[in-house]
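The residues making up each chain are set out below.
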Amino acid sequence: MNRVNIGIIGTGNIAAKMADTIFEMGCVMHYAVSGRSMEKAERFAVEHNLRRAYGSWQELLEDPLVHLVYVATPNSCHYEHTKQALLHNKHVLCEKPFTTNTAQAKELLTLAKERGLLLTEAIWTRYMPFSATLRKLLDDGAIGRVHTLTANLGYPISQKERLRKPELGGGALADVGVYPINFALMMLGNDIEQVDSSAILLDTGVDAQSSTTLRFAGGAMAQLHCSMLCATDRRGIVYGDEGYLEVDNINNPLSAQLFSPTGQLRETYQAPAQISGYEYEVDAAVKAIRAGALECPQMPHSETVFVMELLDRLRRDWGVKYPEDL
């Protein structure tokens, strides 16, 4: 497949950012979009230079020239849109959180495997080359033995309807909490032996902010915080017995500083220039499709399931329940 045509389901901010990104890329064809109405889709297509617009996602999926579908709809729609894309024999790049619960995730991954299609989660930080650079620094002993990690992400976004409603897969954990969790797993692995957490809930029943402590089998601990009530500094810091590594923004790491145990700056690392950061997940998906792979090494299916299981566990502990939960 010389050129991969991408179709976008959704016309929100994240869809617009992706559309503008792939317009700058050479490995995919900036092709089609579907919205909740033809008018909205056509306006989006004009503003973001797509060739075709469809008034429903069903029409987009019936287009034989769409090879890869990017699902950028509300969390509660990820399962159905991804499933239907797979049933129409489309490869899929699905936004985070992958689904609303683990059962849905496993069903979709099984379906993709049965049909020989790529299915991967669009958690963009997993695909960024700078994330691999940071992990290599730790593996090479830049801060000695790792003992502690802290990470936080918060924005004042609680007024958004999609975040307030359980039926839309809302809550801070699903929207922003996945980033501290993925940062911890990328840096420390997933051999977790204990999870402790606490959350503040909205009157709608979803989590507004939470604090989670992960204890790893090797003795390291991670303290993670997320919130949709207020802005935070978004930093991630990994502490070792020979220094610590401070990352400027776990939601899009562009720089990191290496410090001595006494707080002296030793080295500063910069991420490579990027279009938006979304290009890395698209590039990984295209490479996997051309190689006939069913998953991307940056975010293998097993890791998607692991994260979903952790999200489910935390929500159960807090009493947060979605309609899709059994």
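Residues numbered from 1 in each chain as written. Predicted model: local features only at pLDDT ≥ 70, side-chain atom pairs only at ≥ 80, totals over all residues. Heavy atoms only, no water.

1. Digging into unusual backbone geometry
What counts, and what does not: Helix numbering and strand numbering both begin at the N terminus, where a helix is a DSSP run of H or I of at least 4 residues and a strand a DSSP run of E of at least 2. Partly exposed describes any residue whose relative accessible area lies between the buried limit of under 20% and the exposed limit of over 50%, with all areas from a 1.4 Å probe on protein chains only and scaled to the type maximum.
Omega for the bond connecting K96 with P97 falls within 30 degrees of zero, at -15 degrees, which places this linkage in the cis form. Within the element layout of this structure, P97 appears in the loop between β5 (91-95) and α5 (102-115). A positive phi angle, close to 65 degrees, is found at N49, a residue other than glycine. Unlike most non-glycine residues, N89 shows phi in positive territory, near 60 degrees. Under the relative-accessibility criterion, N89 is labelled partly exposed at 48%.

2. Here's the deal with the packing of helix α4 (residues 78-87) against α5
Defined as follows: Interaxial angles span 0 to 180 degrees and are taken between N-to-C directions of axes, which are lines fitted to C-alpha atoms, for helices over the stretch in contact. These descriptions rest on fixed angle ranges, namely under 35 degrees for roughly parallel, over 145 for roughly antiparallel, 65 to 115 for roughly perpendicular, and the rest for oblique. It only takes one pair of heavy atoms within 4.5 Å for two residues to be counted as in contact.
Packing of α4 against α5 brings their axes to within 10 Å, and their N-to-C directions diverge by 10 degrees. The pairing of α4 with α5 is recorded here as roughly parallel in orientation. Across the interface between the two elements, Y79, T82, K83, L86 and L87 from α4 touch Q104, E107, L108, L111, A112 and R115 from α5.

3. A look at the pattern of salt bridges
The following threshold applies: Here, a salt bridge means any Lys or Arg side-chain nitrogen found within 4 Å of an Asp or Glu carboxyl oxygen.
Enumeration over the complete set of coordinates arrives at 16 salt bridges. Across the salt bridge formed by K83 and E107, the nearest N and O atoms sit 3.2 Å from each other. Within this pair, whereas K83 is found in helix α4, its partner E107 is found in helix α5, the two being separated by 24 residues in sequence. With a relative accessible area of 36%, E107 lands in the partly exposed category. In this structure, E246 and R235 form a salt bridge, with 3.1 Å as the shortest nitrogen-oxygen distance. Of this pair, E246 sits in strand β12 (residues 243-247) while R235 is found in the loop between β10 (221-227) and β11 (236-240), placing the two residues 11 residues apart along the sequence. Judged by its relative accessible area of 33%, R235 is partly exposed. Connected through shared salt-bridge partners, K96, R162 and D175 make up one network.

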